[in-house]
Amino acid sequence: MDGMDGMDDLDGGPEGGAPWKRMSKEELENQYSPSRWVVRLGAEEALRTYSQIGNEATKRAQATGRNLLDVPYGDGEGEKLDIYFPEAVSEGLPFLVFFHGGYWQSGSKDSSAFMVGPLTAQGVAVVIVAYDVAPKGTLDQMVAQVTQSIVFVQKQYPGNQGIYLCGHSAGAHLAAMMLLANWTKHGVTPNLKGFFLVSGIYDLEPVMHTSENASLLTTLEDAQRNSPQWHLKTAPTQPVDPACRILVTVGQHDSPEFHRQSRELYQTLRRGGWKVSFEELHDVDHFEILWNLTQKDYVLTQVPLQETITGTSAHSPLLFVPLFISSWDGSTRGGVGSVPGE
Ligand SMILES: N[C@@H](CC(=O)c1ccccc1NC=O)C(=O)O
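Here goes a summary of the coordinates provided. From a predicted model like this one, the values you see are computed outputs, not experimental measurements.

Comments concerning helix H2 (residues 43-64)
Step number 1: End to end, H2 covers 32 Å across 22 residues, agreeing with the expected 32 Å (1.5 Å per residue, within 8%).
Step number 2: Those residues of H2 not exposed but buried are Ala 46, Tyr 50, Gly 54, Ala 57, Thr 58 and Ala 61. One side of H2 holds all its buried residues, which, seen down the axis, span an arc of 100°. Away from its buried face, by an angle of more than 90 degrees, H2 presents the exposed residues Glu 44, Arg 48, Lys 59, Ala 63 and Thr 64.
Step number 3: Of the surrounding secondary structure, the elements contacted by the buried residues of H2 are strand E1 (66-72), strand E2 (80-85), helix H3 (116-121), strand E5 (163-168) and helix H10 (288-291).

Next comes the structure, spelled out in structure tokens:
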């Protein structure tokens, strides 16, 4: 079940120092440019397709279901969220709250409703959160906004059947930062039941050294303060709800650095006592991993698998899991950090 011991030391490794520290500037740049690793499209085309699929999914979601759009969760202009409800009215709904990616400097809630169709069809309310990307927002502000959005959902829907956080890429970083949140400060403890962390970055130090993102993080202190991997390693946290689960996923075609980031977060969380699973998703890149979430069929066809992996009821938003593993062909299960039956 383990098999990964000895691989999780951020500053360890046979030659000493994290692997990225031995990379040339160009190599580091390459490792942290997800679009350079796509296999079926060119980089530009992949980014364009990603926006297009996100836009279309959002238009569809807004036109077909019950929703509340541009709901303010704070006083700031950018502090808005969209809520998409399932058709069946129910007292206590599970909520999936999604944070988009875009390297903390692009992306928007208006093109990120990828998973709304399949999840609302399964009885899950989906919340897509906007936050102030750079240069308007700093990382500290984005983390504060995301925290506030979750507090808002809990206060607005105190009878919810669980809040499940999902983030992609930079959004997975923001979701993972919520593992460290001090909720008592906010006067409410959200009913957090699960985290779905998709192709995220959890140690921000290497990002400091990439051109595109240098403006986000100017000091090592900024990077560490905003690195869930760093905090969880030095001061492990505990879930408020012991049943809370975490799924850390990365696409097969994500870069080796993205793989390392996910694996190391998984290992640190496992050591800290969290109920965490790791999945490398077969034959998907950094963007396709999210496109798959628009595909309703996967939910319906993979229910038995979902039961196996999560051990939860068929009406749980962990139906998300089968979406993630939609292209699973049997050969990647049980691979690197996966914890069968957990
Ligand atoms: N300039 C980046 C863009 C990028 O990383 C990205 C784009 C859309 C959604 C998520 C992304 N990555 C992490 O947040 C790239 O080379 O792919």
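Concerning the environment of Pro 242
Step number 1: Considering the arrangement of structural elements, one finds Pro 242 in the loop between helix H8 (228-234) and strand E7 (245-251).
Step number 2: A C-alpha to C-alpha distance of 33 Å links Pro 242 and Ser 255, two positions 13 residues apart in sequence.

Notes on the pairing of E2
Step number 1: Of all six residues that make up E2, five are buried, and the element is covered over most of its length.
Step number 2: Where E1 meets E2, five bridges bridge the pair, whose relative direction is antiparallel. Pairing of Asn 67 across the sheet is with Tyr 84, part of E2.
Step number 3: Across four bridges, the pairing between E2 and strand E4 (residues 125-129) is antiparallel.

Focus on the site of the ligand
Step number 1: Lining the immediate environment of the ligand, one finds 14 residues, of which Ser 35, Gly 102, Tyr 103, Ser 169 and Ala 170 sit closest.
Step number 2: At 2.7 Å, a backbone N or O of Gly 102 approaches an oxygen atom of the ligand.
Step number 3: His 286 has a polar side-chain atom sitting 3.4 Å from a nitrogen atom of the ligand.
Step number 4: Taking 400 Å² as the accessible area of the ligand by itself, protein coverage stands at 90%.
Step number 5: Spatially, the ligand is embedded in the largest pocket.

Focus: the nonpolar core
Step number 1: Counting 65 residues, the largest nonpolar core has Trp 104, Leu 165 and Leu 197 as its most contacted members.
Step number 2: In terms of residue count, helix H4 (residues 139-156) provides more of this core than any other element does, eight residues in total.
Step number 3: What Leu 197 contacts, discounting residues up to four positions off in sequence, is Gly 167, Ala 172, Ala 175, Ala 176, Tyr 202, Ile 246, Leu 247, Val 248, Thr 249 and Leu 265.
Step number 4: Within the second largest apolar cluster, 27 residues are counted, among which are Val 38, Ala 61, Ile 128 and Leu 293.

Some details on the sheet that holds E7
Step number 1: In spatial order, the strands read E1-E2-E4-E3-E5-E6-E7-E8; together these eight strands make up an open sheet with mixed pairing. Two strands in the sheet have a free side with no partner beyond their single neighbour: E1 and strand E8 (275-281). Across this sheet, the average inter-strand angle for adjacent strands is 15°, counted without regard to direction.
Step number 2: The pairing of strand E3 (residues 95-99) with E5 spans five bridges and is parallel. Looking at the pairing, Phe 95 lines up with Ile 163 of E5.
Step number 3: H4 rests against E1, E2, E3, E4, E5 and strand E6 (192-198) of the sheet, and its axis sits at about 165° to E3.

Some details on the state of the cysteines
Step number 1: A complete count under the given rule lists zero disulfides for this structure.
Step number 2: Here Cys 166 is not disulfide-linked; the sulfur of Cys 244 is the nearest cysteine sulfur, at 13 Å.

Focus: the layout of surface pockets
Step number 1: Taken as a whole, the largest pocket holds about 400 Å³ of empty space.
Step number 2: As for the largest pocket, its lining consists of 22 residues, and the residues nearest its centre are Leu 47, Gly 102, Tyr 103, Ser 106 and Phe 287.
Step number 3: Among the residues forming the lining of the largest pocket, the class breakdown is six nonpolar, 15 polar and one charged.
Step number 4: Empty space within the second largest pocket amounts to approximately 320 Å³.
Step number 5: If you go around the second largest pocket, you meet 19 residues; those closest to its centre are Ala 61, Thr 64, Val 116, Gly 117 and Thr 120.

Things to note about the packing of aromatic side chains
Step number 1: For the structure on display, the rule yields nine aromatic pairs.
Step number 2: Relative to Phe 287, the ring of Tyr 50 lies with its centre 5.4 Å away and its plane at 65°, an arrangement referred to as edge-to-face. Placement of Tyr 50 in helix H2 and of Phe 287 in the loop between E8 and H10 is noted, with a sequence separation of 237 residues between them.
Step number 3: Looking at Phe 287, the relative accessible area reads 6%, which means it is buried.
Step number 4: Relative to Tyr 157, the ring of Phe 95 has its centre 4.7 Å away and its plane inclined at 35°; by these criteria the two rings are tilted. Linking Phe 95 in strand E3 with Tyr 157 in the loop between H4 and E5, this pair joins segments that are 62 residues apart in sequence.
Step number 5: You can call Phe 95 buried: its relative accessible area is 1%.
Step number 6: Among the aromatic residues, those joined into a cluster by ring pairs are Tyr 50, Phe 114 and Phe 287.

Basis of the calculations
Residues numbered from 1 in each chain as written. Predicted model: local features only at pLDDT ≥ 70, side-chain atom pairs only at ≥ 80, totals over all residues. Heavy atoms only, no water. Helix = DSSP H or I, 4+ residues; strand = E, 2+ residues; numbered from the N terminus. Expected span 1.5 Å × (residues − 1). Buried < 20%, exposed > 50% of the residue type's maximum accessible area, 1.4 Å probe, protein only. Arc of directions from axis to C-beta. Contact = heavy atoms within 4.5 Å. Pairing = 2+ DSSP bridges. Near = heavy atom within 4 Å. Polar contact = N/O pair within 3.5 Å; in protein donor to acceptor, adjacent residues only side chain to side chain. Areas by Shrake-Rupley, 256 points an atom, 1.4 Å probe, with all protein chains shown as cover. 1 Å grid on protein atoms, 1.4 Å probe; cavity = no way out; pocket = protein on both sides within 12 Å on 5 of 7 lines; lining within 4 Å. Sits in = over half its atoms within 2 Å of the grid points. Core = buried A, V, L, I, M, F, W, Y, C linked by side-chain atoms within 4.5 Å. Axes fitted to C-alpha atoms, helices over the stretch in contact; angles between N-to-C directions. Disulfide = S-S within 2.5 Å. Points joined across faces, edges and corners; volume = space filled by probe spheres on them. Nonpolar A, V, L, I, M, F, W, Y, C, P; charged D, E, K, R; others polar. Phe/Tyr/Trp six-rings, centres within 6.5 Å; stacked < 30°, edge-to-face > 60°.

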